[in-house]
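An overview of the molecular structure
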Amino acid sequence: MKYDVIIIGAGLSGLTAGIQLVKSGKKVCLLEKHKIPGGYATNFTRKGFNEKFYTFDSSIHTISGFNKNCSVYKTLDNLGILKNIEILENKQYTTIIKNSKETIDIPNNFEEFKIMLIKNFPNFSSNINSLFEFIKNLYEDMKDLILKSDAPKYQTELESISLYDFLKKYVDDENFIEIFSYLCSYLGLPPKDLNAFYYMVAISSFLLGGSYYIKGGSGHITKIMKNELEKHNANIHLSSEVIEIHSQNDKIISVTTKNKEVFEAYEFIFACDPNHIFSLIKNNTIINDYVNKLKFLEKSISASQLYIALDCSTKEVDINTSHLFINNLSHQDSYANIKAGNFENSNFELTAYDQMDCDLNKNGSFLCVSSADFITNWPERNTEMYKQKKEQISQLFLEKVLKFFPKIKQHIQVLEFATPRTMQRYTNNTNGSILGWAQNIQQGGFNRPSFKTPFSNAITIGAWSYPGGGFEGVISSSILGVNRILSKKENSNNIKNEILPLNVIMDGMVAKFNPANAVDKHIIYKFIFDGYNPIYLEIKDNTAKLLSAEPSHVDTTITTTHETWYKIAFNELSGQDALMDGLVSCSGNLRNFASMPKIFDKEIPDNFSSNETNNSSNEPNTSNSNDNNVSENNTKEIENTFTKELMPIKAIMNGMLAGFDSSKAEGLDIRYKFSFDNQKPVYLEIKNNTAKLLSREPSKIDTTIITTHETWHRIAFEGLDGEDALMDGLIKCEGNLKNFALMPTLFNTSEEEDNSTSPNLKLNPVIWVSLALVPWIFYWITHNIFSPSIVSAFSILYTTFFINFIKPKNFRSITKLESINLAAFSIYNLASFLNPVLFKNIISPFFLDIVLILTLFISAGTNSSVMSEYSKISFHPSVTKTKLFKIINRNLTLLWALVFAIRFILMLVIPSPLNNLSYLVIMLGIIISYFYPKSKLGH
Ligand SMILES: Cc1cc2nc3c(=O)[nH]c(=O)nc-3n(C[C@H](O)[C@H](O)[C@H](O)COP(=O)(O)OP(=O)(O)OC[C@H]3O[C@@H](n4cnc5c(N)ncnc54)[C@H](O)[C@@H]3O)c2cc1C
């Protein structure tokens, strides 16, 4: 029998997906390696010393997403899974015992947690308020994630930054960050390594949506799911590990299980670790790139857990809350110690299950001591070393708990210890990873490998897919993944034959126009389909119509294939996914593309048929439409104002490279092509943790960025956000859009002030005045003793000294050329003093004065010193300041050229010794050069 869908893995994600599919009328088969379903989400039982049985929950401590307003809850409820399940809300504090003495109670509630933090960090009260406001907005945006088609609003802002750096922006206090990051113990990475998006979504969900436990344990929900599947005639094969996967070209055909059974299906879902699954596919080179990419990704931590059954309640052994964190070290240090196998000196967590579900164990209670762990800490299973280590670490965990709760000792009935090897053994998750791919800075959010595989009829879901591990994450992942399959009409083989003509698709879209979602909108779309004449669609005055002639302007141009548009129109593919996967490219205002699902969301009337108004659009394209001009109107306008100030492309690109952060490029292999206006394309390669510009076009380009010189300059220096530029149509991106989204992480373009490279705007006036006065006073005191040449040499050396050593580093670098001139000038003066005869004979005394003045003028004209210094030394993000700086520097150089020119004239026309009054001009110049940049920079 050929199934509609085969799901490999009956963990939480596989079971959820199965129910969705059977309820949509699909013939489903689940293949599970273990003898019970659930994966990590299972219960197990053990007999106590008192001959009574105790139930343990193998994984969950607490879960999010089960608030009635959350999309996970709503979907499970709609699927009928929740009718036999009681969800218990956990309102107790989460307690942190710090350094064995200090106790911090963290309320499981948004307002109370905020108040608690403000009380403890009063100096940051307003920033804490802003942080919590952000959490509120994030929650509102995320809680319906899986029911809406828009991308999460804050994702790009958060996914390229560590939790630590993100929190620091609000409250720059290590203690605060440590407390606020308390959930890190559950999420697998310490704050400096954890992706801010992942943490902030998790904490917002817990604080605003609530923290829950499932009555009966996680094994109960997976048991109910199994029953529901069987009720709907799904085939669940337990103890049926898939050991071979057979494929042909880009399709999976069948799978073979350990008991030599072969199963066939049209579609496949991998609800388990893709590292493992892809090792079962042989002789198909289509997977090579994908598998190579996976190799470089970091896997999440594993865990070790000591399960303790007690013959009394946990309250009786003085544990007063369900969740306890025993933190003797910072998250960061504890993580490092565990990684090094130092369990003696690391944090751990305690979960008292009876305080969430008092009926889980009628004969007492169950307590779990958990710690993050790494498989590398553990010898191979079944070896003597492994057994010994297991015994030793289990004992250590017990001792650690007994130190805090000694009464436990008399009540122990069962002790069971699970290591990363246990986790791996039961689930095939590589390294016993408990949350799929690590949620580090690079791999969070959109940067996670998600559903797509190299096969057109297979997707991955669950902890290793999007959005990530944990109950809420894997259930969301199943729902999103299955929607992809359900929206495919039939076996995708047939799509080509069934595809509707373009004019019918477009008429269908117009028929779905919903005026309520397009109030006040005026948008003109242009569609370019493979080889057809463009189609124009106008939204105006609450109507949508296809235009028969080319309009005078277009807001958004969508380029794709007939087949892709067909799939999007008939919900077989989400527009956003198609854009991310490079199947659709969009230029002009990208927001108009993003709002299409809303604008065209009306149910198609039953009697809908094409009115065939747009026959012309179905003709093959004969006109030579070139749509590579990005937002022409916008750009031209800007170009007029700015062209003169633009830094050359080469300098911008070099500047970008200077800001390259190799630590963020681990495992990346990307080739970018940049097309700027009509200039020669620039190719950039990220490989082996380095970034370099290529001198010729590489054989493969992953991402092409088409924009104007002006836009790129603004992104590089003026703080224009790349994503906004994309949205506003100033940039067009072809190929893998994720690589574009990755750029701010790879090339440090943060707007933070970098003291080493930014101008010091607080120059001490005393220094400047003394700079001006000292040479002059020196002259008046000494002119009778020393010759004017010596005085001149001194004063200029003095000035040079100040420019080079007293003034800030950056100012020093940008005025390098000028200070070299000054130094040369003073050396000349000195030399002419030491050997007046020679100099008088060789060079006119005024010769170097003239040279100096000329070079200053040239320097002002070309500004070369500033340009090269800037692109070499730093890639400073603040465009405004950079541009201003250029102007300031040019004008200052000009000023000094004028100063010396006037002094020179004065020396010629005023008789000695009065001509030394010319130093007054220098003083004036110095004073102006102090006030001028300040006034320009607005400080
Ligand atoms: C110790 C621990 C504590 C946790 N605590 C929490 C928590 O407090 N809150 C929370 O939300 N989440 C928690 N999690 C995470 C959560 O349990 C998981 O993210 C989630 O259960 C993963 O579900 P899944 O379906 O993606 O994968 P899995 O549970 O890993 O299921 C994969 C399934 O595929 C099967 N399989 C693998 N290979 C094959 C094959 N070749 N053939 C057939 N079957 C195969 C496996 O046997 C398994 O049943 C915890 C996890 C652990 C381990």
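Residues numbered from 1 in each chain as written. Predicted model: local features only at pLDDT ≥ 70, side-chain atom pairs only at ≥ 80, totals over all residues. Heavy atoms only, no water.

So, the packing of aromatic side chains
Where we set the bar: Two rings from Phe, Tyr or Trp (for Trp, the six-membered ring) form a pair when their centres sit within 6.5 Å of each other. Planes less than 30 degrees apart are called stacked, planes more than 60 degrees apart edge-to-face, and all others tilted. Secondary structure elements follow DSSP: runs of H or I of four or more residues count as helices, runs of E of two or more count as strands, with numbering from the N terminus. Note on exposure labels: buried denotes an accessible area under 20% of the residue type's maximum, exposed denotes more than 50%, and partly exposed covers the range between, all computed with a 1.4 Å probe on protein chains only. Both a distance and an angle decide whether a charge sits over a ring: NZ of Lys or CZ of Arg must be within 6 Å of the ring centre and within 35 degrees of the ring normal.
Applying the stated criterion across every chain yields a total of 40 aromatic pairs. Judged by centre distance (6.2 Å) and plane angle (50°), the ring pair of W378 and F417 falls under tilted. Highlighted residues: W378 in the loop between β16 (365-373) and α14 (384-404) and F417 in strand β17 (residues 412-418), separated in sequence by 39 residues. When sorted by exposure, W378 lands in the same class as F417, which is buried. Seen from their ring centres, F674 and F676 are 5.9 Å apart, and the 10° between their planes marks the pair as stacked. In this structure, F674 and F676 share a single accessibility class: buried. Ring pairs connect the aromatic residues F110, F113, F121, F132, F176, F180, Y182, Y186, Y199 and F325, which therefore count as one cluster. One cation-aromatic arrangement involves K192 over Y164; the distance from NZ or CZ to the ring centre is 4.6 Å. The cationic tip of K389 hangs over the ring face of W378; the distance from NZ or CZ to the ring centre is 5.4 Å.

Some remarks on the site of the ligand
Just so we agree on the cut-off: Nearness here has a simple test: a residue counts as near a molecule or strand if at least one of its heavy atoms is within 4 Å of that partner. Each polar contact in these results corresponds to two N or O atoms within 3.5 Å; when the atoms are within protein, one needs to be able to donate a hydrogen and the other to accept it, and residues that are neighboring in sequence are counted only if both atoms are side-chain atoms. Note on areas: Shrake-Rupley with a 1.4 Å probe; residue coverage comes only from the protein chains shown.
By nearness alone, 35 residues border the ligand, and S13, E32, H61, T62 and F471 come closest of all. E32 places a polar side-chain atom, nitrogen or oxygen, 2.6 Å from an oxygen atom of the ligand. At a separation of 2.9 Å, a nitrogen atom of the ligand approaches a polar backbone atom of V242. Protein coverage of the free-state accessible area of the ligand, which is 1000 Å², stands at 95%. At the level of elements, α1 (12-23), α15 (420-427) and α16 (471-486) are the ones that each hand at least two residues to the shell around the ligand. The greatest single-element share of the shell around the ligand, amounting to three residues, is contributed by α15.

A short note on helix α9 (residues 196-209)
Residues that lie three or four places apart on an α-helix share one face, since the helix turns once every 3.6 residues. Keep this limit in mind: Working rule for helices: expected span equals 1.5 Å times residues minus one.
With 14 residues, α9 should reach 20 Å at 1.5 Å per residue; the first-to-last C-alpha distance of 19 Å fits that figure. Counting buried residues in α9 gives 13 out of 14 residues, a clear majority hidden from the surface. Where α9 begins, the capping side chain belongs to N195, and its oxygen is found 2.8 Å from the backbone nitrogen of F197. Just downstream of α9, G210 is the residue with a positive phi angle, here 105°.

Here's the deal with the sheet that holds strand β26 (residues 690-694)
Convention followed: Pairing between strands requires that DSSP locate at least two bridges from one strand to the other. In this analysis, axes come from line fits to C-alpha atoms, helices being fitted only over the stretch in contact, and the angle between any two N-to-C directions falls in the range 0 to 180 degrees.
With mixed pairing, the five strands of this open sheet are ordered in space as β26-β25-β24-β27-β28. Both outer strands of the open sheet, β26 and β28 (731-735), are each paired with one neighbouring strand and no more. Mean inter-strand twist for the sheet, computed between neighbouring axes without regard to direction, equals 20°. Strand direction decides the pairing type here: strand β25 (residues 682-687) and β26, joined by five bridges, are antiparallel. The residue of β26 that forms the bridge with L684 is L693.

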